[in-house]
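Given next are the chains, with one letter for each unit.
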There are 2 protein chains.
Amino acid sequence: MGEFELIRRFFDRGDRAADGVVKGIGDDCAVLAPTPGWQWLVSTDMLVEGRHFLSTVDPERLGHKALAVNLSDLAACGARPRAFFLALALPRADAKFLEGFARGLFALADAHGIALAGGDTTAGPLNVCITVMGEAPQGQVLLRSGARAGDELWVSGTLGDARLALEVFRGTHSLPGDQFVQVRRAMELPQPRLALGQALRGIASSAIDVSDGLGGDLGHVLKASGVGAEVYFNALPRSAILAGQDLMLQQQCLLAGGDDYELVFTAAPEHHEAVKDAGARTGTRVTRVGRIRTEPGLDVLDSDGAPMAVLLASFDHFKS
Amino acid sequence: MGEFELIRRFFDRGDRAADGVVKGIGDDCAVLAPTPGWQWLVSTDMLVEGRHFLSTVDPERLGHKALAVNLSDLAACGARPRAFFLALALPRADAKFLEGFARGLFALADAHGIALAGGDTTAGPLNVCITVMGEAPQGQVLLRSGARAGDELWVSGTLGDARLALEVFRGTHSLPGDQFVQVRRAMELPQPRLALGQALRGIASSAIDVSDGLGGDLGHVLKASGVGAEVYFNALPRSAILAGQDLMLQQQCLLAGGDDYELVFTAAPEHHEAVKDAGARTGTRVTRVGRIRTEPGLDVLDSDGAPMAVLLASFDHFKS
């Protein structure tokens, strides 16, 4: 199977007809038509075997996750997804792998109405690089820099299951089989919160997605906004499975986990009901987990309101 | 050196101030402002060690080439470059490599006024994936599908030196030292024809850049346009060095070479002077090398106008 046959067979679905894609796969560039008055949002993520996924991963789940982590960045900006580009290095043109990968990739793309508009394939060590493009009305993009003292701090979904699954894969922890299936699902099939992100335009003051752990990612928001925060540990939303683990492991998974792809966002207290509405309208659980303050730094408080001694280090690709 | 320090030290130059980049590195997404009435052109290329560059490559030249091959796709569409995104997998955070790579990358970016607006870094086998974005006025994008019977066929610059250099690296051919320096330069420092591409809007009927060899790339144009072509072998522009090699090697380098990153384009005969003007205005050599015909297929003609028996196979990442 040659390069062009590979593209034709697995990736070229004639997506040029998709909304806003004037010309998709098959020319030097894709041609996209911007919506007048909207801005473009662009993000790129590279996934490497052994770093971002295990060699044993189901190709279908890899296809899903490679796109999901990118869409999650669009969600954090409140963007509507428009088009994505796939660059893929493969040790060999393996039809079974490609079939599963494409199935997972396109199932998620179709669920969110985003077209594969171009890409590149080459032989090489397995590497998946996706670039996503979305749009938001000018001036309504959710940024990291908008958090203000007094804002409420919110989290979507639940946190920590992906990290719990990783600990089982690493052999540092064990779970009953059915529980492992569930947390593994959280790790391998994250759901980008695109509907919620768009519903939060004009409501949230800042947002970020949790890819490297709540502590580290919230830290980016605090730094960009020049504020501090208090997080109520007991309020952090977690699955029943994680809630059944010992406190140290819960702390680690909830605060320094990563791979959650939930949104952490801030909103003024007067938007409290609007945030809950946005969650309800989009079928997304939203939980208030803390507040933004003037004083710099991040404190995690126990049920008595006392700061806990917790490890907030998040993931760094060149340090861990 | 951690991931964030690496980005700050080598790649974050605060390019957000660049034309059209509202927000660059440092949020979940970059925010770009489209020019009203223009369309976006997007292309992505992934470069892998041993496939697209040798392990011994000068990092500065690698930085140049990784961006150049992407900009060449924008050139082929007649686009004005706007922003690019860099995803980089590195075996380790090697300051010397990164310094050289960033120097070559930004020298070319600055020469063409394009900003690095975002990206991703990770540990992994060396892999450079760049996505470029440019703009062209709606309806003026140069596509592969516009060639018409009777059009003249043109090539920019000279062809074949990059392939000649590759043959020397492969040990199948040898050159005197100063000649090798020159052809190696063609291979490692290709110049994307952005000014020419933009000057050809409204003049050329189709265009493509030569990345996989003239035969193969012109074949894409013929297929997309539903036409055939005749190429005058003796007219193909080549360096004095390549002209000094035997005929078989010249054929191979000129027709099935690759890595040239010159533009191959078509234009109606009444635009002949306009094409020459566009070349002169942008300081780019342009040479008429053939004509488009109704009859399908591609014939390479000798000086008597007789078809030559030539090998037109171009490069395929999963076949060669």
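Residues numbered from 1 in each chain as written. Chains lettered and ligands numbered in written order. Predicted model: local features only at pLDDT ≥ 70, side-chain atom pairs only at ≥ 80, totals over all residues. Heavy atoms only, no water.

The name that an unreviewed UniProt entry assigns to chain A is Thiamine-monophosphate kinase, with the source organism given as Roseateles flavus. Per its UniProt entry, chain A bears the Sequence similarities (unreviewed entry) comment "Belongs to the thiamine-monophosphate kinase family." On record in UniProt, under Pathway (unreviewed entry), the comment for chain A is "Cofactor biosynthesis; thiamine diphosphate biosynthesis; thiamine diphosphate from thiamine phosphate: step 1/1." (UniProt positions renumbered as here; feature names shortened; annotations may be inferred.)

Digging into the pattern of salt bridges
Residues and elements named next belong to chain A. What the rule picks out here adds up to 32 salt bridges over all chains. R293 is paired through a salt bridge with E230; the nearest N and O atoms lie 3.5 Å apart. In this pair, R293 is assigned in strand β11 (residues 286-293) and E230 in strand β9 (residues 228-232), connecting sequence segments 63 residues apart. E230 matches R293 in its accessibility class, with the two residues each being buried. Put simply, E230, R291, R293 and D299 are held in one network by salt bridges that share partners. (Salt bridge = Lys/Arg side-chain N within 4 Å of Asp/Glu carboxyl O. Helix = DSSP H or I, 4+ residues; strand = E, 2+ residues; numbered from the N terminus. Buried < 20%, exposed > 50% of the residue type's maximum accessible area, 1.4 Å probe, protein only.)

Comments concerning helix α3 (residues 95-111) of chain B
Residues and elements named next belong to chain B. Over its 17 residues, α3 runs 24 Å from end to end, which matches the ideal 24 Å to within 8%, given 1.5 Å per residue. With a side-chain oxygen positioned 3.0 Å from the backbone nitrogen of K96, the residue opening α3 is D94. Directly after α3, the chain includes G113, whose backbone phi takes a positive value near 65°. (Expected span 1.5 Å × (residues − 1). Polar contact = N/O pair within 3.5 Å; in protein donor to acceptor, adjacent residues only side chain to side chain.)

Some points on the relation of the copies chain A and chain B
At an RMSD of 0.0 Å, chain A and chain B line up after a rotation of 180° and a shift of 0.0 Å along the axis. Here the transformation between the copies is reduced to the relation of a two-fold axis. Residue by residue, 100% of the interface of chain A is reproduced at the interface of chain B, so both copies engage with the same surface. (Least-squares fit on C-alpha atoms with pLDDT ≥ 70 in both. Contact = heavy atoms within 4.5 Å.)

Observations regarding the UniProt feature "binding site: ATP" (unreviewed entry) in chain A
Under the present numbering, the feature "binding site: ATP" (unreviewed entry) in UniProt falls on G119, D120, R144 and S211 of chain A. Taken along the chain, the residues just named run across 93 residues; in space they spread out, the farthest C-alpha pair reaching 31.4 Å. Turning to its location among the elements, R144 of chain A is positioned in the loop between β6 (127-137) and β7 (152-156). The class for R144 of chain A is buried, based on a relative accessible area of 14%. Beyond its immediate sequence surroundings of up to four residues, R144 of chain A is in contact with S206, A207, I208, H220, V221, A224 and S225 of chain A together with G26, D27 and D28 of chain B. In this structure, S211 of chain A sits in the loop between β8 (204-209) and α7 (214-225).

Overview of the sheet that holds strand β9 (residues 228-232) of chain B
Residues and elements named next belong to chain B. An order of β8-β10-β7-β11-β9-β12 is seen for the 6 strands of this open sheet, with the pairing classed as mixed. At either end of the open sheet lies a strand with only one pairing partner, and these are β8 (204-209) and β12 (298-301). Taking the axes of each pair of neighbouring strands and ignoring which way they run, one obtains an average angle of 25° across the sheet. Relative to β12, β9 is paired through 4 bridges, and the arrangement is parallel. Among the inter-strand pairings, V231 is bridged to a residue of β12, identified as V300. (Pairing = 2+ DSSP bridges. Axes fitted to C-alpha atoms, helices over the stretch in contact; angles between N-to-C directions.)

Considering the packing of aromatic side chains
Here the structure, examined in full by the defined rule, presents 8 aromatic pairs over all chains. Centroid distance F97 of chain B to F101 of chain B: 5.8 Å. Interplanar angle 15°. Geometry classified as stacked. Note that F97 of chain B and F101 of chain B are positioned in helix α3 at a spacing of 4 residues, about one turn of the helix. Given the relative accessible area of 0%, F101 of chain B is considered buried. What links up through ring pairs into an aromatic cluster is the set F11, F97 and F101 of chain A. (Phe/Tyr/Trp six-rings, centres within 6.5 Å; stacked < 30°, edge-to-face > 60°.)

Let's talk about the sheet that holds β7 of chain A
All names here are of chain A. An order of β8-β10-β7-β11-β9-β12 is seen for the 6 strands of this open sheet, with the pairing classed as mixed. Looking at the sheet topology across the chains shown, the edges are occupied by β8 and β12 (297-301). Along the sheet, successive strands turn relative to each other by an average axial angle of 25°, direction set aside. As paired elements, β8 and strand β10 (residues 263-267) share 5 bridges and run antiparallel to each other. Bridging across to β10, S206 finds its partner in T266. Helix-sheet contacts for helix α2 (residues 59-76) involve β8 and β10, and the interaxial angle to β8 is about 170°.

Observations regarding the domain arrangement of chain A
Residues and elements named next belong to chain A. If you check the domain split of chain A, you get domain 1 (3-137) and domain 2 (144-301). Computed from C-alpha coordinates alone, the two centres of domain 1 and domain 2 are separated by 26 Å. Taken residue by residue, the interface counts 23 residues in domain 1 and 20 residues in domain 2. Where domain 1 abuts domain 2, roughly 1,800 Å² becomes buried across the two surfaces, and 60% of that area is made up of carbon and sulfur atoms. The tally of links between domain 1 and domain 2 comes to 2 salt bridges. Of the charged contacts in the structure, one is a salt bridge between E188 and R61, with a shortest N-O distance of 2.9 Å. Counting across the domain 1 and domain 2 interface gives 6 residue pairs in polar contact (both at pLDDT 80 or more). Listing elements by their share of the side of domain 1 that touches domain 2, those giving two or more residues are α2, β4 (80-90) and β6. Sort the elements by how many residues they give to the side of domain 1 that touches domain 2 and α2 lands first, with 11 residues. Class assignment for the residues of the side of domain 1 that touches domain 2 results in 14 nonpolar, 4 polar and 5 charged. (Domains from an automatic or database assignment. Buried area = accessible area lost by both parts, 1.4 Å probe. Nonpolar A, V, L, I, M, F, W, Y, C, P; charged D, E, K, R; others polar.)

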